Amino acid sequence: SRPPSHNIVPTSLILCATYHSEGHSGQYYTLPPTHIQKLFPYGLPPRFQLQIKTFNEGCVMVRPPALELISYLKRADYSKPPLRYVLYGDIGTGKTMSLCHALHYCYSQGWLIVHVPDAHLWVKNCKELLPSSSRPSRFDQPIQASQWLKNFKITNERFLSKLKTTQRYVWTKRESTEKGQPLGELIDQGVNRMKSSSDVVGAVLRELRLQAGGATEGEGAFKLAVAVDGVNALWGKTSLKKEDRTMCEPEELTLIHNLRKMMKNNWSGGAILTALSQTGSVFKPRSAYLPSELLGEEGFDNMEPFVPVSVSNYNEKEFESCYLYYLDRNWLQHPHSRSEEGKKELIFLSNKNPSILERLCAFL
Amino acid sequence: MWICECGILQDVSLQCAKGCDVVFASCLSACRRANMAASGCRGVRSILWKYGSYGNNLFVSRSKMVPQLPLRQIYVASSLWKKNLAAAGPQKFTQEFIDKQVEEFEVGKRHLANMMGEDPETFTQEDIDRSIAYLFPSGLFEKRARPVMKHPEEIFPKQTAIQWDAEGRPFHFLFYTGKQSYYSLLHDVYEKILAIERHQDKMRNKGLFTSDTKQILLTGSRWLLKEEIEENLVENISVQDYMRLIQLMELLLSMPYCSLEEEFILKFRKQLEVQSSKYEIPALQYDPQGVAFSVADGRRKSAKASITLRDSGSGNITINGRNYLHYFPVLQNREQLMFPLLFVGMMGRFDIEGSVEGSGHSAQAGALRLAISRALLSFVSEGEVEKMRQAGLLTADPRIRERKKPGQEGARKKFTWKKR
């Protein structure tokens, strides 16, 4: 393990997420490796994953938006319909990271996590688009659905045997899942049979919705955290085309349709955490970052009412902390970057934007 | 080339002036035929010798030729017959011609003034230039290629008149030196030197000799260049001649009473232009709140930028209403913006509000950088200004897109070179 750092701001505190508070703002905490493997197989931003690989540890900075979110989660009443939280902000300010931080809190509290790492992946660049087996006007995306089911399985293993299906699902003439089967079987069905995987996803989500607030006692009780990154993809446009070369609407995709049902608050016993994203979005201008711009009218009406949480660039203290962290990990190799003037240059060139700063330091 | 049987030199053409038929069937002949026949020219020359004929692309069929004379044809290049234009030298104009041009110019000037509705009496050269630019607008980049109406003195090169009389006797006594105006000038200068020395002796005799007489002001002017002196003398002089002349003038200047010949000396000095292109430091203005700010412009390629630099800020930069991080996603452009502030060491001190338009992102960044440097001049000391100038922060980048030339793909790229 590393020698203790001499910085004023301690760079890594291995804290349980429950104990994070405003006093810790600006400090880094380490994600336990087991948690990273289980919870975030594809959830973290790609550059952060590279950083984890390089530094051999995943350190996340505690920042006010995440703290705000966690405090809401602590105080919410889970017998009522779920609250929708929307993280919004400029590009590269840390929306996905804050979402992951809050999700880690939920995971460490033992919630069941439904995490869509990037909803934009479901509306663009899909190689296979099959007409749905169950409904004629819809389209399936078997690859994305089965991938998601695999991840879901990894994340929520301990729940799979406990939860049971509430109705019978018929997939084909020969395959069906009976009522009362464990959820794990349903998921295996989806993973093995790619053709019906999208419908399996829909079924899983439906089951979870029904059972989330249901049992409030004992063993069956669980809280459901629905985390969607890039939620503006659900109501935007797709870049997929049907066979007759017309554009696909998001409703016509099974996955999107089911996810939209999840976004409605007609269930109880959980929370909906979402983050907007412009970088992956289809046909949206780069300067758009507000919820009204990115969600569009339809999306805004659907998501309303929600709790907006704004994420912004680093302030002085946070920048200082990030800079010291990189220094500590010997990431800033260039001798000039260790001096005061170098630090001022970094502040100017990145304007204290987290992602730009990270990219800048990567080649120093 | 042929000589037809009547002995007249004939070229490609068919018919000799005298009428004997020499029919010519080379590839060139068709057009020449028309020309030559029309002009009935004697300039067409062909030499037909008495030996055998050996012509590749000539074939002659003649009717009425004397059959027993064998013919040999000799090739002579037609460039021999063309006038050697280069050997003639620059075009010579007679004095009457020049006078006529001057007359026409004056008349034309009055016409132009009437056309423009101005008074012909007070119509100056500037007015002429203005009117011509108005009547004949030209988009040519080369200013010297545009239509111009100037006094014939300025247009026709100065020429020497005939320097000897009808009997061949030269007018000037120094004609046989070859550079009569130059040597006569040297003689004049020496005369003046002698005159000053005589004046000096006179003053000494009277006892009024003083060394501190009125000196000629030579600052802000320079000696005429060799080319300018050649232009004045209308003859060529060598470098050594020029240096000798300057030496003599310096000698003249070194004498105490040279102010007597001030007018003569100043004819050989040219006033240097005032440095009007020097940039003034923009004035420091103050806000109602007392915050100092300065405004400056900058240009690069075809991008124009204008900024307001405000003191006691925190390093925010807004360009065209957007944050500079959004306006310049490319790192290089942000570095360009940073450089003036970094160089002067005032990084977090200023707030910048700028507007820029035109050209591309790099040019806009360059224009903004120049504007920031200029605005910083008013916040910075003299020594720093010099340092900035040496760092190249204050120089406007003169590079501009090079024109595409005909016969090439682009400015420099040529079409594919084929060996044959």
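Everything below is about the structure shown above.
Residues numbered from 1 in each chain as written. Chains lettered and ligands numbered in written order. Predicted model: local features only at pLDDT ≥ 70, side-chain atom pairs only at ≥ 80, totals over all residues. Heavy atoms only, no water.

Visitor: Teacher, can you tell me more about the interface of chain B and chain A here?
Guide: In many reports, interface size means the accessible area that the parts give up when they come together. Listed as interface residues are 13 residues of chain B and, on the opposing side, 13 residues of chain A. Contact between chain B and chain A buries roughly 1200 Å² in total, counting both sides, with carbon and sulfur atoms accounting for 67%. In this structure, the connection of chain B to chain A is made through 0 salt bridges. At the junction of chain B with chain A, the criterion picks out 4 residue pairs in polar contact (both at pLDDT 80 or more). Put simply, the parts of the chain that give the side of chain B that touches chain A at least two residues each are α10 (324-327) and α11 (331-344) of chain B. At 7 residues, α11 of chain B tops the list of elements feeding residues into the side of chain B that touches chain A. Residues of the side of chain B that touches chain A, tallied by class, amount to 9 nonpolar, 2 polar and 2 charged. (Contact = heavy atoms within 4.5 Å. Buried area = accessible area lost by both parts, 1.4 Å probe. Salt bridge = Lys/Arg side-chain N within 4 Å of Asp/Glu carboxyl O. Polar contact = N/O pair within 3.5 Å; in protein donor to acceptor, adjacent residues only side chain to side chain. Helix = DSSP H or I, 4+ residues; strand = E, 2+ residues; numbered from the N terminus. Nonpolar A, V, L, I, M, F, W, Y, C, P; charged D, E, K, R; others polar.)

Visitor: Can you help me understand the sheet that holds strand β10 (residues 270-275) of chain A in this one?
Guide: Through backbone hydrogen bonds, the strands of a sheet pair up, either in parallel or in antiparallel fashion. All names here are of chain A. The strand order across the open sheet formed by 5 strands is β4-β9-β10-β3-β11, and the pairing between neighbours is parallel. Since the sheet does not close on itself, it has two edges, and those belong to β4 (112-116) and β11 (307-311), each with one partner. For this sheet, the mean angle separating the axes of adjacent strands, direction not counted, is 15°. With 5 bridges joining them, β4 and strand β9 (residues 224-229) adopt parallel strand pairing. Bridge assignment links I113 to a residue of β9, and that residue is A225. On top of the sheet, helix α4 (residues 95-108) reaches β3 (83-89), β4, β9, β10 and β11; it is set at about 160° to β10, its chief contact. Contacts from helix α9 (residues 254-263) reach β3, β4, β9 and β10 within the one sheet, and its direction differs from that of β9 by about 125°. (Pairing = 2+ DSSP bridges. Axes fitted to C-alpha atoms, helices over the stretch in contact; angles between N-to-C directions.)

Visitor: Explain the layout of surface pockets here, please?
Guide: The method is simple in principle: a probe with the dimensions of a water molecule rolls over the atoms, and the space it marks as empty is what remains. Residue and element names in this part refer to chain B. Looking at the second largest pocket, its volume works out to about 600 Å³. Along its surface, the second largest pocket is lined by 19 residues, and F93, K158, Q159, T160 and A161 are the ones closest to its centre. Those elements that provide at least two residues to the lining of the second largest pocket are α3 (95-116) and α5 (152-155). (1 Å grid on protein atoms, 1.4 Å probe; cavity = no way out; pocket = protein on both sides within 12 Å on 5 of 7 lines; lining within 4 Å. Points joined across faces, edges and corners; volume = space filled by probe spheres on them.)

Keep in mind these numbers describe shape, not what the thing actually does.
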